[in-house]
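Fold and contact review
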Amino acid sequence: MTKNIFVLGLDEMNRQTLSSIPGSEDYRFHPLLTKERLHGSADLDLGEVVEEARARLDAFDGSVDAIIGYWDFPVSTLVPVLCAERGLPSAPLEAVVKCEHKYWSRLEQAEVIDEIPGFAEIPFDSERPPEHLSYPMWLKPVKSFSSELAFRVTDDAEFREALAQIEEGAGRVGEPFEWVLERVEMPEAVAKAGGAACLAEEECSGRQLTVEGFVYAGRPHVYGVVDSHNYPDTPSFLRYQYPSDLPGPVIQQVTEVSEKVVTRLGLDNCTFNIEYFHDPDTGRTCLLEVNPRHSQSHARLLEFVDGYPNHAYVVELALGREPHLREGGGQHNVGAKWFLRRFSDGVVRTAPDADDVARMSEDIPGTAANILVEPGTRLSDLTDQDSYSFCLAEIFTGANDTEGLKNTYELCLARLPFEIEDVEDAGDTEPAGGGRAGGGQPDGDDR
């Protein structure tokens, strides 16, 4: 029997990815609100959004067999709300909120693991951090989109400047997040902080990696570890690469830590991804963030290597089934997602189109691309960027080894023409609106 699966924020690239999962011929994927409706509003009213989603589901002439999502807030919290109303499998809302509220998540993590940085909730009138924290550190809202409004600070002056910027902008996501917080029981410290507070964390260092897994019937399972590589001397991602080439004992450590943390948080019937830093010089591992969803950014990488994207796990869980672990059945030994970035503002004059991407994928096996700008785009008008760069395109490559990934990426760049005019030569020197989002110690792609 065909299963009707509703996807919050379904986009074309992920629609294609979902069509490649096992059993997809028996599934019908239906969009449930657009990505723009969920992420594009500066004054998001979650109550209205939920009503719209309910109306769409109620009007559907057929069975609603599952509701899924792969985006960050608000999608991550809307899935358990809508599933609970219809008796569909999903993670408990409280467990999801424990992950989404960065301060609450740190409090829970501290109960079961040592692999976390020093942290504290910071009042906005603070002149300096508490004595138990040392510079360098990162300041970030307890709830934000991706790495928005996260700042690295090294002294009291930078601390106060960053705190002021966070106070000004934290409400954009924090206020809608309050709608969710009202629906769960919080410990006193979290309730006092609210949804628009600021968190300080001592800096983690080393290689960044992400653990992907799922929890079924209360038992966590890790199905992959992905490495993150940055542009030299920046916190901006250059590529994600799967599988990780870190030593086996490190993989075992982050697997065990992940299982402890998701069990403590109460996650169940859902996928998760957990970001870490590992310092090979000191041997220290530091947990950065827990996300109560899989990463759609990694989907094509796992498909290259394992034969199936990680979307397969969330669909099986949403239908109440235990996922089958898969490893190695793809056409490539390694896969990567590359981020083509520019580190200064400008106006896009030419950019690749769909035909350019199609010809590239046809001529260079194991490649794909998602172009994020178009002619006329002012880079500083882009949203959801880190504080240091602008992402022009996402490029996917599969190969036999890391050297092959790099060579294939260079071939792709030659097939994707961009021309960007520097701002001082572009006429208008003021952003048309919106400006840049903040960023910093990466909390992952999160999208």
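Residues numbered from 1 in each chain as written. Predicted model: local features only at pLDDT ≥ 70, side-chain atom pairs only at ≥ 80, totals over all residues. Heavy atoms only, no water.

1. Overview of the packing of aromatic side chains
Put simply, the test is: Stacked, tilted and edge-to-face are the three classes assigned to paired rings of Phe, Tyr and Trp, where Trp is represented by its six-membered ring and a pair needs centres within 6.5 Å; plane angles under 30 degrees give stacked, over 60 edge-to-face, the rest tilted. To qualify as a helix, a DSSP run of H or I must reach at least 4 residues; to qualify as a strand, a run of E must reach at least 2; elements of each kind are numbered from the N terminus. Accessible area is worked out with a 1.4 Å probe on protein chains only. A residue is then buried under 20% of its type maximum, exposed over 50%, and partly exposed in between.
In this structure the tally under the stated criterion is 13 aromatic pairs. Aromatic side chains Phe6 and Phe60 sit 5.0 Å apart centroid to centroid with 85° between the ring planes, which places their arrangement in the edge-to-face category. Here Phe6 is found in strand S1 (residues 3-8), whereas its partner Phe60 is found in the loop between helix H3 (46-59) and strand S3 (66-68), with 54 residues between them in sequence. No difference in accessibility class separates Phe6 from Phe60, as the two residues are buried. Aromatic pair Phe237 and Tyr240: ring centres 5.1 Å apart, planes at 65°, arrangement edge-to-face.

2. Points about the sheet that holds strand S4 (residues 119-122)
For clarity, the threshold we go by: Any two strands are treated as partners once DSSP identifies two or more bridges connecting them. Every angle, taken between N-to-C directions, lies between 0 and 180 degrees, and every axis is a line fitted to C-alpha atoms, over only the stretch in contact when it is a helix.
Sheet architecture is open: four strands sit in the order S4-S7-S5-S6, paired in antiparallel fashion. Edge positions in the sheet fall to S4 and strand S6 (151-153), since each of these pairs with one other strand and no more. Taking each pair of neighbouring strands and ignoring which way they run, the sheet shows an average axis angle of 25°.

3. Let's talk about the state of the cysteines
Rules: Only a pair of cysteine sulfur atoms within 2.5 Å qualifies as a disulfide here.
All told, the structure shown has one disulfide when counted by the stated rule. Between Cys204 and Cys286 runs a disulfide, and the two sulfur atoms are separated by 2.3 Å. Taken together, the residues span a long stretch of sequence, with Cys204 in the loop between strand S7 (198-202) and strand S8 (207-216) and Cys286 in strand S12 (residues 285-291) at a distance of 82 residues. Between Cys270, a free cysteine, and Cys99, which holds the nearest cysteine sulfur, the sulfur-to-sulfur gap is 7.5 Å. A relative accessible area of 8% means that Cys270 is categorised as buried. Among the cysteines around Cys391, which has no disulfide bond, Cys412 carries the closest sulfur, lying 14 Å off. Overall, the relative accessible area of 5% leaves Cys391 in the buried class.

4. Some words on the packing of H3 against helix H8 (residues 171-181)
Definition in use: Contacts are residue-level and defined by heavy atoms, with any inter-residue pair within 4.5 Å sufficient. Residues were grouped as follows: Ala, Val, Leu, Ile, Met, Phe, Trp, Tyr, Cys and Pro as nonpolar; Asp, Glu, Lys and Arg as charged; and all remaining residues, including Gly, as polar.
The contact between H3 and H8 brings their axes to 9 Å, and the two run at 60°. Contacts between H3 and H8 involve Leu46, Gly47 and Val50 from the first element and Pro176, Trp179 and Val180 from the second. Split into classes, the residues belonging to the contact of H3 with H8 amount to five nonpolar, one polar and no charged.

5. Section: the layout of surface pockets
Applicable threshold: Site definitions follow a grid-based scheme: protein atoms alone, a 1 Å grid, a 1.4 Å probe that fits but cannot get out for cavities, and for pockets an open set with protein on both sides within 12 Å along at least five of seven lines, plus lining residues having an atom within 4 Å of a point. Grid points are joined across faces, edges and corners, and a volume is the space filled by probe spheres set on the points.
By volume, the second largest pocket is sized at about 270 Å³. Surrounding the second largest pocket, 14 residues form its lining, Tyr223, Gly224, Val225, Tyr242 and Glu327 being those nearest its centre. Of all the secondary-structure elements, those providing two or more residues to the lining of the second largest pocket are strand S9 (219-230), helix H10 (248-265) and helix H11 (299-306). In terms of residue count, the dominant contributor to the lining of the second largest pocket is S9 (four residues). Residue composition of the lining of the second largest pocket, grouped by class: eight nonpolar, three polar and three charged.

What is shown is where atoms sit, not what they do.
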